[in-house]
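# Examining the three-dimensional arrangement
Spelled out, the chains give:
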Protein chains: 2
Amino acid sequence: MPSEASTQKRVTISDVARYAGVSNATVSAVLNNKGTVKDSTRRRVLEAIEKLNYRPSGAARRRLQPTLHRTIGLVVKEVDNPYFADIFLGARAVANQHGYTVLITSSESDFTSEHRIVDLLADKDVDGLIINPLLEEQADLSHLFELKRRNIPFVLIENVLGLQANIVDVDNVAASKEATRYLIEGGHERIIHFAGPRYSLHTEERIEGFRRAFSETNLIFREDMIVYAGARLKDGYEKGLAYFQEHRDNPPTAVTCYNDLVAIGLMRALHQLGIKVPDQVSIIGYDDIAIAEYLPIPLTTVRVPKTEMGAKAAELLIRQIEGANGRGGSDAVERIFLQAQLVVRNSTRPLK
Amino acid sequence: MPSEASTQKRVTISDVARYAGVSNATVSAVLNNKGTVKDSTRRRVLEAIEKLNYRPSGAARRRLQPTLHRTIGLVVKEVDNPYFADIFLGARAVANQHGYTVLITSSESDFTSEHRIVDLLADKDVDGLIINPLLEEQADLSHLFELKRRNIPFVLIENVLGLQANIVDVDNVAASKEATRYLIEGGHERIIHFAGPRYSLHTEERIEGFRRAFSETNLIFREDMIVYAGARLKDGYEKGLAYFQEHRDNPPTAVTCYNDLVAIGLMRALHQLGIKVPDQVSIIGYDDIAIAEYLPIPLTTVRVPKTEMGAKAAELLIRQIEGANGRGGSDAVERIFLQAQLVVRNSTRPLK
DNA sequence: GTGAAAGCGCTAACAA
DNA sequence: TTGTTAGCGCTTTCAC
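Please read these numbers as outputs of a predicted model, since none were measured by experiment.

### Examining the relation of the copies chain A and chain B
Each copy superposes on the other: chain A lies on chain B with an RMSD of 0.1 Å after a rotation of 180 degrees and an axial shift of 0.1 Å. Taken together, the rotation angle and the small translation identify this as a two-fold axis. Mapped onto chain B, 99% of the interface residues of chain A again fall at the interface, so both copies present the same surface.

Structure (structure tokens):
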């Protein structure tokens with residue numbers, strides 16, 4: 001009943017010391033398990049801690065060995081996409097080798113979240129960031145510029161127009177084109193593309209690849225070959241159901257998808273509509289997530305070297321973090337594009 | 001060529017100030033975009049920052065508004081399991097409502113990692129933790145006790161024996177029993193269980209449920225009904241291939257799996273061996289990850305309310321974080337067990 | 001516009 | 001065994 005309702009101020013080590021009738025140093029000693037404290041004193045301190053609900057500030061404590069924990073922040077767009085798990089795993093492997101720990105957060109396609117997250121990570125003193133940025137209308141890149149101002153190295157794993165920054169990615173236009181061309185060369189003429197979410201530049205790049213495949217043949221590209229689906233199982237399923245119902249009379253013979261999740265969703269829709277894959281419709285995914293190979297009809301897809309991307313991104317980042325400390329030297333931006341490759345499995349078949 | 005190779009010491013605001021011939025306060029003003037700095041001065045400071053590659057310490061800066069960013073750390077065991085994505089999403093929703101951000105890290109089944117991660121997160125001053133702990137032989141719970149000592153609230157999403165701690169989980173024994181009983185009641189007699197990894201208590205709980213289902217009938221449980229597989233697609237696939245090849249003459253008619261990933265891997269193996277699901281073998285998964293429903297043979301599985309678990313864990317945690325600050329009151333440990341439920345789809349069929 | 005100085009919460013000498 | 005003190009890197013008054 002004693003202790004008055006203190007104002008919202010933080011409880012500090014001094015409060016505890018005062019309450020327990022000892023000095024700050026003693027409390028600190030208890031906190032850090034130094035063996036040097038008499039048992040009765042220790043007990044009193046512990047009691048005070050409990051009583052006041054004291055929580056030591058890591059920030060203050062850590063100051064002396066700031067290098068104790070090296071960390072890298074990874075900012076993704078959707079956690080429920082296995083794509084990011086692989087990126088993480090690749091980054092983690094390299095990071096661990098160098099004594100870094102990787103922290104993940106997800107913007108979940110929300111631009112405000114992305115801003116907040118990047119700020120937060122910077123405030124938490126991560127040593128560098130790997131970011132999969134959202135494509136944004138308002139082009140508010142302030143959080144990335146802030147990073148530059150604060151001199152915190154970062155590498156993108158999807159391009160941001162109008163920003164000089166390190167990037168590790170795949171040539172999506174080329175890969176998407178290759179996938180589409182594979183279909184065309186197989187004799188497919190009515191092909192459509194289930195495109196990704198609007199907030200992704202990858203979406204546009206993959207559409208562009210699709211388009212270019214056409215321009216290299218005598219087939220005509222038409223806008224209505226692009227069907228905006230999204231990035232998730234559900235998106236592929238729902239759009240698939242809707243599209244193939246609507247185009248019942250004249251369905252396409254092949255679909256390239258934004259990613260594997262969409263492809264799998266689409267396959268479910270087709271299955272449900274009684275349309276056979278690949279007999280009636282060929283399907284190509286993108287990413288080559290682990291499960292693609294595990295489906296009863298293994299998915300033809302574009303393999304993105306996800307683990308390698310994560311690893312490369314981490315390498316580049318760590319080089320910047322550590323190199324930068326040496327001299328103000330290697331400030332030149334690096335842009336690394338890895339090779340994506342079509343993996344033909346059973347969800348596609350040539351028409352001729 | 002001038003600037004000597006400084007010893008590895010951190011570059012501080014004072015270094016910048018000295019280099020630019022101004023005071024710390026001025027540098028600080030520049031850093032924080034106060035409008036009060038003359039342009040020529042600002043430029044000089046910026047140059048010094050660049051030159052020295054100065055990176056302001058977030059820790060030091062943040063001290064004044066420590067409450068600016070509230071954060072929760074989520075420690076998982078394997079990022080590439082969609083199970084955790086859903087936990088995260090549930091936690092994130094609640095967290096965001098309360099102004100918290102959720103940071104994820106993964107121990108990847110490595111106990112040393114778990115320790116390091118928890119330490120790190122504590123040092124980074126997260127306000128609380130949601131942890132999916134590894135089951136460990138040496139029972140070294142020091143990192144969790146450390147959390148208690150530092151008064152950082154945490155909630156587990158898998159039990160740790162011998163520790164008084166908040167927990168949100170599902171009754172795995174009951175759920176696993178229910179799944180197995182469903183098979184037995186359907187007339188299956190030769191049933192096996194593809195068990196999870198050794199580092200998981202869930203593994204043991206699910207085995208126990210399997211065992212108990214038998215003890216309630218006149219069927220006999222035998223140790224060789226338990227096949228240790230793992231937690232991943234690959235595990236189910238490889239063990240499945242091996243097991244069903246070896247037991248070609250006398251295969252089981254049903255398998256319950258540690259989780260959906262293992263089940264899907266197993267189905268691939270069976271498919272490859274020409275064994276029909278569910279005609280020849282019934283399969284039950286666990287978790288009900290999104291894709292379970294999307295398979296050509298939708299998976300019968302135990303639905304774990306993952307999103308709800310994440311949400312509940314976050315609620316409980318935030319209550320502890322904030323309640324605790326009020327008085328030293330609500331220190332009582334809470335243990336919440338949600339309901340898991342069998343969802344019958346097409347990968348199982350009754351034998352009678 | 002800019003600098004000097006105090007203070008944030010904590011730990012690490014060093015004395016007592 | 002415990003207390004005193006200085007200092008970590010930064011921001012913020014408040015003079016100049």
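### Digging into empty space enclosed by the protein
All names here are of chain A. Within the structure shown, the criterion is met by seven cavities of 30 Å³ or more. Here the largest cavity defines a volume of roughly 110 Å³. For the largest cavity, the lining is made up of 14 residues, of which Asn81, Tyr83, Phe84, His202 and Tyr258 are closest to its centre. Among the secondary structure elements, those contributing two or more residues to the lining of the largest cavity are α5 (82–97) and α9 (201–215). Partitioning the lining of the largest cavity into residue classes produces four nonpolar, five polar and five charged.

### So, the sheet that holds strand β10 (residues 300–303) of chain B
Residue and element names in this part refer to chain B. With mixed pairing, the six strands of this open sheet are ordered in space as β7-β6-β8-β9-β10-β12. The open sheet terminates on both sides in strands that have one partner only, identified here as β7 (226–228) and β12 (341–343). Averaged over all neighbouring strand pairs, the angle between strand axes comes to 20 degrees, with direction disregarded. With four bridges joining them, strand β9 (residues 282–287) and β10 adopt parallel strand pairing. Paired with Tyr286 across the two strands is Val302, which belongs to β10. Across the sheet, helix α8 (residues 172–185) is in contact with β6 (191–195), β8 (254–257), β9, β10 and β12; its angle to β9 comes to roughly 165 degrees. Packing against the sheet, helix α11 (residues 260–273) makes contact with β6, β8, β9 and β10, and its axis sits at approximately 155 degrees to β9.

### A few points about the pattern of salt bridges
For the structure shown, the criterion picks out 40 salt bridges over all chains. For Glu208(B), the salt bridge identified is with Arg212(B), shortest N-O distance 2.9 Å. Pair noted here: Glu208(B) and Arg212(B) are both in helix α9 (residues 201–215), with a separation of four residues, about one helical turn. Relative accessible area serves as the criterion here: at 25%, Glu208(B) is assigned to the partly exposed category. Arg212(B) gets classed as partly exposed once you look at its relative accessible area, which sits at 40%. Salt bridges here are not isolated pairs; linked through shared partners, they connect Asp123(A), Glu146(A), Arg149(A) and Arg150(A).

### Considering helix α6 (residues 111–123) of chain B
Within an α-helix, residues lying three or four positions from one another point in the same direction, as the helix has 3.6 residues per turn. All names here are of chain B. An ideal rise of 1.5 Å per residue puts 18 Å on 13 residues; α6 measures up with 19 Å between its terminal C-alpha atoms. The element α6 is extensively covered by neighbouring structure, given that 10 of its 13 residues are classed as buried. Buried within α6 are the following residues: Phe111, Ser113, Glu114, His115, Ile117, Val118, Leu120, Leu121, Ala122 and Asp123. After α6 finishes, the residue Asp125 shows a positive phi value of roughly 65 degrees.

### What to know about the interface of chain A and chain B
Size of an interface, as often reported, equals the accessible area lost when the parts are brought together. On the side of chain B, 72 residues touch chain A, which itself brings 72 residues to the contact. Summing the contributions of chain A and of chain B, the shared interface buries around 6200 Å²; its carbon and sulfur component is 53%. It is Arg55(A), Lys124(A) and Tyr294(A) that lose the most area in chain A upon contact with chain B, and together they represent 13% of the buried surface on that side. For the pair chain A and chain B, the interface holds two salt bridges. Across the pair Glu293(B) and Arg268(A) runs a salt bridge whose closest N-O atoms are separated by 3.7 Å. Seen at the junction of chain A and chain B, the total is 22 residue pairs in polar contact (both at pLDDT 80 or more). Considered class by class, the residues forming the side of chain A that touches chain B number 33 nonpolar, 17 polar and 22 charged.

### A short note on the environment of Ala340(A)
All names here are of chain A. In this structure, Ala340 sits in the loop between β11 (335–338) and β12 (341–343). Assessed through its relative accessible area of 8%, Ala340 is described here as buried. Taking the C-alpha atoms as reference, Ala340 lies 6.6 Å from Pro305; in sequence the two are 35 residues apart. Here Ala340 is in contact with Val170, Ala175, Glu178, Val302, Arg303 and Pro305, once residues within four sequence places are set aside.

### A word on the sheet that holds β12(A)
Residues and elements named next belong to chain A. Spatial strand order, β7-β6-β8-β9-β10-β12: six strands in an open sheet with mixed pairing. The sheet is open, and its two borders are formed by β7 (226–228) and β12, each paired with just one other strand. Taking the axes of each pair of neighbouring strands and ignoring which way they run, one obtains an average angle of 20 degrees across the sheet. As paired strands, strand β6 (residues 191–195) and β7 are joined by three bridges and run parallel to one another. Of the residues in β7, the one forming a bridge with His193 is Ile226. Contacts between helix α8 (residues 172–185) and the sheet are confined to β6, β8 (254–257), β9 (282–287), β10 (300–303) and β12, with β9 contributing the most and set at about 165 degrees to the helix. Contacts from helix α10 (residues 233–246) reach β6, β7 and β8, with the element oriented near 145 degrees to β6.

Procedures and definitions
Residues numbered from 1 in each chain as written. Chains lettered and ligands numbered in written order. Predicted model: local features only at pLDDT ≥ 70, side-chain atom pairs only at ≥ 80, totals over all residues. Heavy atoms only, no water. Least-squares fit on C-alpha atoms with pLDDT ≥ 70 in both. Contact = heavy atoms within 4.5 Å. 1 Å grid on protein atoms, 1.4 Å probe; cavity = no way out; pocket = protein on both sides within 12 Å on 5 of 7 lines; lining within 4 Å. Points joined across faces, edges and corners; volume = space filled by probe spheres on them. Helix = DSSP H or I, 4+ residues; strand = E, 2+ residues; numbered from the N terminus. Nonpolar A, V, L, I, M, F, W, Y, C, P; charged D, E, K, R; others polar. Pairing = 2+ DSSP bridges. Axes fitted to C-alpha atoms, helices over the stretch in contact; angles between N-to-C directions. Salt bridge = Lys/Arg side-chain N within 4 Å of Asp/Glu carboxyl O. Buried < 20%, exposed > 50% of the residue type's maximum accessible area, 1.4 Å probe, protein only. Expected span 1.5 Å × (residues − 1). Buried area = accessible area lost by both parts, 1.4 Å probe. Polar contact = N/O pair within 3.5 Å; in protein donor to acceptor, adjacent residues only side chain to side chain.

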